[in-house]
Amino acid sequence: MHEENEKMVDGDLILSVDRLWAGYRKNAPAVRDLSFFIQPGEILGLIGPNGAGKSTTIKAILGLIEKSSGQVKLPFACIQRAAKPDCGFLGFPLYHYPRIDTGCILL
């Protein structure tokens, strides 16, 4: 990964993604060789057109789909396989559901 990331201690990172390849078809990954890290206090936005791999990236980070290769380090218990049911991904825009309030989504 990047030299600066190699020097960082895992405990200092919120998220580290190193050379992630993921998708729904093995021969056509939506995410190819993606690397980035997030430090405490930083915010990351995934921006791109439909089909760019934004949702696939999030699902691979959370372990909701298998990655083809690469490494993801996210120091939260919900990423461990035993606790995976505690994780979720809301992959649709809420303006399609105007009657759903935040409390319902968080439950």
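Use the structure listed above.
Criteria and cut-off values
- Residues numbered from 1 in each chain as written.
- Predicted model: local features only at pLDDT ≥ 70, side-chain atom pairs only at ≥ 80, totals over all residues.
- Heavy atoms only, no water.
- Buried < 20%, exposed > 50% of the residue type's maximum accessible area, 1.4 Å probe, protein only.
- Helix = DSSP H or I, 4+ residues; strand = E, 2+ residues; numbered from the N terminus.
- Pairing = 2+ DSSP bridges.
- Contact = heavy atoms within 4.5 Å.
- Axes fitted to C-alpha atoms, helices over the stretch in contact; angles between N-to-C directions.

**Student:** Just checking my understanding: could you explain the pairing of strand S1 (residues 15-22) for this structure?
**Tutor:** Buried residues dominate S1, accounting for six of its eight residues. Two elements, S1 and strand S2 (residues 31-38), share five bridges in a ladder whose sense is antiparallel. For Ser-16, the partnering residue across the bridge sits in S2 and is Phe-37. Judged from the five bridges that link them, S1 and strand S3 (residues 67-73) form a sheet pairing that is antiparallel. By the bridge assignment for S3, Ala-22 is matched with Lys-67.

**Student:** Please explain helix H2 (residues 54-62) as it appears in this structure.
**Tutor:** For the α-helix, the turn length of 3.6 residues means that residues three or four positions removed from each other point alike. Regarding H2, the residues found buried are Thr-56, Thr-57, Ala-60, Ile-61 and Leu-62. Contact partners of the buried residues in H2: S1, S2 and S3. Gly-63 sits one or two positions beyond H2 and adopts a positive phi of about 80°.

**Student:** Help me understand unusual backbone geometry, please; the structure alone is not making it clear to me.
**Tutor:** Among all residues except glycine, the phi angle is most often negative; among peptide bonds, the trans geometry is most common. Phi at Arg-19 is positive, roughly 55°, even though this residue is not glycine. With respect to the secondary-structure elements, Arg-19 resides in strand S1. Overall, Arg-19 belongs to the exposed group, its relative accessible area being 51%. Of note in this structure, Asp-33 is not a glycine but carries a positive phi near 55°. Here Asp-33 is to be found in strand S2. Residue classification places Asp-33 among the partly exposed residues on the basis of a relative accessible area of 44%.

**Student:** Help me understand the sheet that holds S3 in this model?
**Tutor:** Hydrogen bonding along the main chain pairs the strands of a sheet, whether they run parallel or antiparallel. The strand order across the open sheet built from three strands is S2-S1-S3, with neighbouring strands paired in antiparallel fashion. Each having just a single partner strand, S2 and S3 make up the two edges of the open sheet. In this sheet, adjacent strand axes meet at a mean angle of 0° when their direction is disregarded. Here H2 sits on the sheet in contact with S1, S2 and S3, set at roughly 115° to S1.

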